[in-house]
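# Tertiary structure, described
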4 protein chains.
Amino acid sequence: MIKAAILGASGYTGAELVRLIDGHPNISIAALTADRKAGSSMADAFPHLAHIDLPTLIRLDQVDWSGVDLVFCALPHATTQQVLKALPERLKIVDLSADFRLEDPAEYERWYGGAHQALELQKEVVYGLPEMYREQIAKARLVANTGCYVATSLLPLLPLLEAKAIAPDPIIIDAASGVSGAGRGLKETSLFCEVSEGFAAYGVGGHRHVAEIDQECSKAAGVEVRPSFTPHLLPQNRGILATIYVHGDAAEIHSSLSARYQDEYFVHVKPLGVAPQTRHVRGSNFAHIGVVADRAPGRSIVISALDNLVRGASGQALQNANIMLGLEETTGLRQAPLFP
Amino acid sequence: MIKAAILGASGYTGAELVRLIDGHPNISIAALTADRKAGSSMADAFPHLAHIDLPTLIRLDQVDWSGVDLVFCALPHATTQQVLKALPERLKIVDLSADFRLEDPAEYERWYGGAHQALELQKEVVYGLPEMYREQIAKARLVANTGCYVATSLLPLLPLLEAKAIAPDPIIIDAASGVSGAGRGLKETSLFCEVSEGFAAYGVGGHRHVAEIDQECSKAAGVEVRPSFTPHLLPQNRGILATIYVHGDAAEIHSSLSARYQDEYFVHVKPLGVAPQTRHVRGSNFAHIGVVADRAPGRSIVISALDNLVRGASGQALQNANIMLGLEETTGLRQAPLFP
Amino acid sequence: MIKAAILGASGYTGAELVRLIDGHPNISIAALTADRKAGSSMADAFPHLAHIDLPTLIRLDQVDWSGVDLVFCALPHATTQQVLKALPERLKIVDLSADFRLEDPAEYERWYGGAHQALELQKEVVYGLPEMYREQIAKARLVANTGCYVATSLLPLLPLLEAKAIAPDPIIIDAASGVSGAGRGLKETSLFCEVSEGFAAYGVGGHRHVAEIDQECSKAAGVEVRPSFTPHLLPQNRGILATIYVHGDAAEIHSSLSARYQDEYFVHVKPLGVAPQTRHVRGSNFAHIGVVADRAPGRSIVISALDNLVRGASGQALQNANIMLGLEETTGLRQAPLFP
Amino acid sequence: MIKAAILGASGYTGAELVRLIDGHPNISIAALTADRKAGSSMADAFPHLAHIDLPTLIRLDQVDWSGVDLVFCALPHATTQQVLKALPERLKIVDLSADFRLEDPAEYERWYGGAHQALELQKEVVYGLPEMYREQIAKARLVANTGCYVATSLLPLLPLLEAKAIAPDPIIIDAASGVSGAGRGLKETSLFCEVSEGFAAYGVGGHRHVAEIDQECSKAAGVEVRPSFTPHLLPQNRGILATIYVHGDAAEIHSSLSARYQDEYFVHVKPLGVAPQTRHVRGSNFAHIGVVADRAPGRSIVISALDNLVRGASGQALQNANIMLGLEETTGLRQAPLFP
């Protein structure tokens, strides 16, 4: 059994990692950290996991690294880089924060407001979108798990830009996420009464996630790509949907995506003209993609849906870990979605 | 007191008309029709209105038109044109269906799948977007109330196209509506379990509402305008939000809209950079508009929010009626939104 | 115009007071306090009220009491008693906190964990359930507005206990509330993801609201009454429903309540056998009551529904203020419920 | 591999059976019936199952029973008895309808309004509450799966009545269910706008589920037991919570339940004083039970929560099938709950 530590286990992505690893035959949980809740049980923090035999929550400085093979890091941005650069080099790490996703330190500083503190470590990081970087991930020590909005956008966009099936400009990504994407922190904007029965955009005109989108799209296209990106907050727990407006022929886009993903277990391209729904991937590691011709000639609409906590975070992290460990990539991740 | 009949009172827009007219000092309800529920009380159909003294629901053919001055028609498409052409000519009518919104009979036939049956009547119709057609509405006999998605889109787009503050192409309208927009009919897609905790687009690539959008945008711009339009279904009762991607300068767009709407009671332009939320117009006749610069030079994002049952249907219908009757336009419509 | 100050205007009950007073012809808002948000506008705190011309939020110590006739106090428990005892004696006050609801200081101390700091003031307080204490409220200087769960329970229970139509024991009140009842404070249990798609009881076995229920039920029955009371949290914004199990004949209970409330504008007793729904009172000051015979002979189920922010808080406070001011009791409160 | 047929696969319980069997190592799906959707794929009816290789939906009369070992019957009441009595005798059957749950044909006729059509078959039925009837289920040919409200109620009540830890009267079961319990049929009361943002009781005073509760409670107590039972509809997809008011000592009740369930994988008794939440069992086969002392001496509140589609229907059906087939009872059912 591979022994895993989950750093930052008292948040939603931490709990989701526990849920998924509980069904994984080759990985066991050796340590769970949560600095503010250290000393309490995971069952106190997350009663839905009370039936699982788990280690008590401890502080990060209490972890006995000698009993750990694999680290899932679900700590906040900025903290993460400090923590990870201090870990023993032999550990394999999947980082769920944004700290190591941007290759260019200047871009990091621009969007996150401070100089990166682990530039050496950054150099060996592999970007954690498994369908795109599988071979590099297999050899990586540290994988920077792709963010939820970004994975939703890149799964359709990268193959299309590589294949030149769509123009690199304009690309408009209109996206919406369930509230769990904002985490378990106490924010007025995450209160039930501020979210339910309403819908709104936020971070309009330049959300920090565009840095990640730009980096990967530009590499795929071979030219600089700068999509428009507008996130919205949905009155639901889970699910991200991106409705992407592109220039390109719908039939060609559809056949390009279908060919690209025909052997991928987790990515399903729907028949041409059929739109995916977030509720049909809930709780699973699947991404559903649909392609529809716009009425404007030469324009198409590509829609992508996934569960932000699974395929957009913890499930994808486990998928990356499976690859890093040489395990079958879908191990522990074949659960069907939960509907309704 | 002006005596109003509401045709099709057992749907959500019918109930909303009753709610609003209940607070109107100059209009009383003389007749309520609902063919399938004829004989039962409005309190049976809508217990939230049980405290209001209302006429019993009757069949359309039971209405005594001699006691009616004003008609709100909330009947389904196609039925409406047959009914309205048979009404006494002296009646003032606000029609909430799509039957009379399209000036070009060929467009009607194309999108609604049958020849229009009241072409003579169509000729004298005024399009019911009050802020744009106030003078014509004041003299009209029959006003075709603007649809909910369309009002959300046109309130920002028409002044901008008229002022040439935005390019007529490309315009991308990414919109989302609460479920009440689908009415009270029994459809699997309107069931709680099929809507809650999920989000999806529908009618992608060519929803029939684009005909109305094209007609009005093209008139405003003086050239043919064909926006992309993608509606989505939200897990909430009320509210429509349109996130509109345009080519144009955000500051210029903002000042253009601010100037255009500074004296309009029901349309609020938020400070530059602030996005509106559907929850902040819930239950009211207000429309909130926000303008944000996109990071792509020369592109902007215009966001518009309203309550689909009030400003997108029954409230706007009452606003139109007030104008037709020579009453103060806001009469009975000044209720503040209900939040949370 | 009567000039009102709202103390604690940045919470949900404060905003609801503003919404309701905006439609009141005889009361204007002279001051709004919110210590932590002092200096900002009400529109910043509550964008749905942005169309109303309102004073800027100020600190409590900045209020010019000379320009104030009426105070609505929506401050937290314990703070309230300190604030209210220091106000000029000529002010009429409706207090929405629990600080002055309990007549017995020992009971206050038992449930709220500290000695009461304004015992002199407590002596002249009138309990703010208008249908029960109308005459005393008319002469009161300080009215302690009944709490939301309690109003839902007492509206049916007090007349039935007075009329001896039910036994004083056992009475089981199984109640559920929307999340707005917990206020706008930052608590993990109020986060969207912790509330939506789930249901649970809290404060089981002895919630502090029972003190208020006991006090009033015992006075009405003339003997000590100690109902069981279990509150639950609902995944919805507004609405309280109490399902109350009593010993008594359903027909007698129904006729007793019907007679008691036949002339009350805000309390509606449904036909025997019909259960009320919270959605049918949403946003209004109405309370709906239903009575159903249990299958067990001699037992009945009484169900009561109201909007916790209106009839359970701010609407009832305005109703009390109307009585205190000698105005028609329903002034500004006749809005129909908002459904769906 | 055991070959299973699912009769009535186009409803929510049918889909849930497919989801669970997909993760079961010893059972494969040989046939799926849905008379009205025959000829279409399961992926059309339930896009969340599109990744699973499944037989096409067929009519009941098209099933080749020679390739079937096990039948899950998710057909409507009344239809079921006609279908099941015609099946080959060698088949093992788990029936999810109410048709075979009542032992007394007079009780069936009283609550379901017609004479039972398969009285011979009824005689050999075993009641499908695994923790209570495990040994009989192991030998049964036809198991009548316990209903969702009933399982929620009986899991705590039966051991307590058997142990005489509570009085057989009064017992008040105040329960609430998510909307999926009403199925996928088109009913106005299941529409999103009629359910969301609201709460109400239904079937008050005598819901048909009490027949099943009476039967089992009376057998356990050895005397006739007639609890009061009030179901409510929650604005959420999944989850049932029963708040049960009993006469008995909380500590004794708690120790009795703890002892009874200490070796049961699927039933968790929480520490004394802790209330369970439906969100913490979502998507799983677990039932959570809590016990709290009421403030009234000698009275206690027992709260029980489960997922109505899993432990209240399809999961419990698979648990029964595992027992009938001699498999480990938890096979395919160990998935952790999905939260949030």
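First things first, this report covers the structure right here in the doc. Model, not experiment: these values are computed from the prediction. (Residues numbered from 1 in each chain as written. Chains lettered and ligands numbered in written order. Predicted model: local features only at pLDDT ≥ 70, side-chain atom pairs only at ≥ 80, totals over all residues. Heavy atoms only, no water.)

## Some thoughts on the sheet that holds strand S14 (residues 299-306) of chain B
Residue and element names in this part refer to chain B.
- If you walk across this open sheet you meet the seven strands as S9-S10-S8-S11-S14-S13-S12, and the pairing is mixed. Both outer strands of the open sheet, strand S9 (200-201) and strand S12 (267-269), are each paired with one neighbouring strand and no more.
- In this sheet, strand S10 (residues 228-233) lies alongside strand S8 (residues 172-177) in parallel orientation, the contact comprising six bridges. Looking at the pairing, Ala175 lines up with Pro231 of S10.
- Strand contacts of helix H7 (residues 148-162): S8, S10, strand S11 (240-247), S12, strand S13 (287-293) and S14, with the helix running at about 30° to S11, the strand carrying the most contacts.
- Across the face of the sheet, helix H10 (residues 250-261) comes into contact with S11, S12, S13 and S14 while running at roughly 160° to S13. (Pairing = 2+ DSSP bridges. Helix = DSSP H or I, 4+ residues; strand = E, 2+ residues; numbered from the N terminus. Contact = heavy atoms within 4.5 Å. Axes fitted to C-alpha atoms, helices over the stretch in contact; angles between N-to-C directions.)

## Some points on the interface of chain A and chain C
- With 20 residues of chain A at the interface, the matching set in chain C holds 20 residues.
- Together, the buried faces of chain A and chain C total about 1,700 Å²; carbon and sulfur atoms form 59% of this surface.
- Its largest share of buried area at the contact with chain C, chain A owes to Leu186(A), Leu191(A) and Phe192(A), together 38% of the area lost on that side.
- Taken together, chain A and chain C are joined by six salt bridges.
- Between Glu188(A) and Arg184(C) there is a salt bridge, and its shortest N-O distance comes to 3.4 Å.
- Our count for the contact surface shared by chain A and chain C stands at ten residue pairs in polar contact (both at pLDDT 80 or more).
- Sort the elements by how many residues they give to the side of chain A that touches chain C and helix H8 (residues 192-195) of chain A lands first, with four residues.
- Broken down by class, the residue content of the side of chain A that touches chain C amounts to eight nonpolar, six polar and six charged. (Buried area = accessible area lost by both parts, 1.4 Å probe. Salt bridge = Lys/Arg side-chain N within 4 Å of Asp/Glu carboxyl O. Polar contact = N/O pair within 3.5 Å; in protein donor to acceptor, adjacent residues only side chain to side chain. Nonpolar A, V, L, I, M, F, W, Y, C, P; charged D, E, K, R; others polar.)

## Focus: the interface of chain A and chain B
- Opposite the 47 residues of chain A that make contact, chain B presents 47 residues.
- Summed over both partners, the interface of chain A with chain B comes to about 4,000 Å²; 49% of that surface belongs to carbon and sulfur atoms.
- It is Glu197(A), Phe199(A) and Arg295(A) that lose the most area in chain A upon contact with chain B, and together they represent 21% of the buried surface on that side.
- In this structure, the connection of chain A to chain B is made through four salt bridges.
- The salt bridge involving Asp169(A) is made with Arg299(B); its shortest N-O contact spans 2.9 Å.
- Linking chain A with chain B are 30 residue pairs in polar contact (both at pLDDT 80 or more).
- Every element with two or more residues in the side of chain A that touches chain B is listed here: strand S8 (172-177), H8, strand S9 (200-201), helix H9 (210-221), strand S10 (228-233), strand S11 (240-247), strand S13 (287-293) and strand S14 (299-306) of chain A.

## What about the relation of the copies chain A and chain B?
- The two copies are related by a screw operation: chain A maps onto chain B through 180° of rotation and 0.0 Å of translation along the axis, at an RMSD of 0.0 Å. A rotation of that kind, with that shift, is consistent with a two-fold axis. Relative to the rotation axis, the closest C-alpha in chain A is found at Pro235(A), a distance of 3.3 Å. (Least-squares fit on C-alpha atoms with pLDDT ≥ 70 in both.)

## Some remarks on the sheet that holds strand S6 (residues 126-128) of chain C
- Here seven strands make up an open sheet; going across it, the order is S3-S2-S1-S4-S5-S7-S6 (chain C) and the pairing parallel. Whereas interior strands pair on both sides, the edge strands pair on one side only; in this sheet they are strand S3 (57-58) and S6 of chain C.

## Considering the packing of helix H6 (residues 130-139) of chain B against helix H11 (residues 310-324) of chain B
All names here are of chain B.
- At a closest axis distance of 9 Å, the pairing of H6 and H11 adopts a crossing angle of 35°. Both H6 and H11 take part in a crossing whose hand is right-handed. Where H6 approaches H11, its residues Pro130, Glu131, Arg134, Ile137 and Ala138 are matched on the opposing element by Arg311, Gln316, Gln319, Asn320, Ile323 and Met324. (Left-handed = near helix turned anticlockwise from the far one by under 90°.)

## Some remarks on the pattern of salt bridges
- The full count for this structure, using the stated rule, is 84 salt bridges over all chains.
- Ionic pairing is found between Glu224(A) and Arg226(A), a salt bridge with its closest N-O pair at 3.2 Å.
- In this structure Arg226(A) comes out as partly exposed when scored by relative accessible area, which is 36%.
- The salt bridge involving Arg141(D) is made with Glu124(D); its shortest N-O contact spans 3.3 Å. (Buried < 20%, exposed > 50% of the residue type's maximum accessible area, 1.4 Å probe, protein only.)

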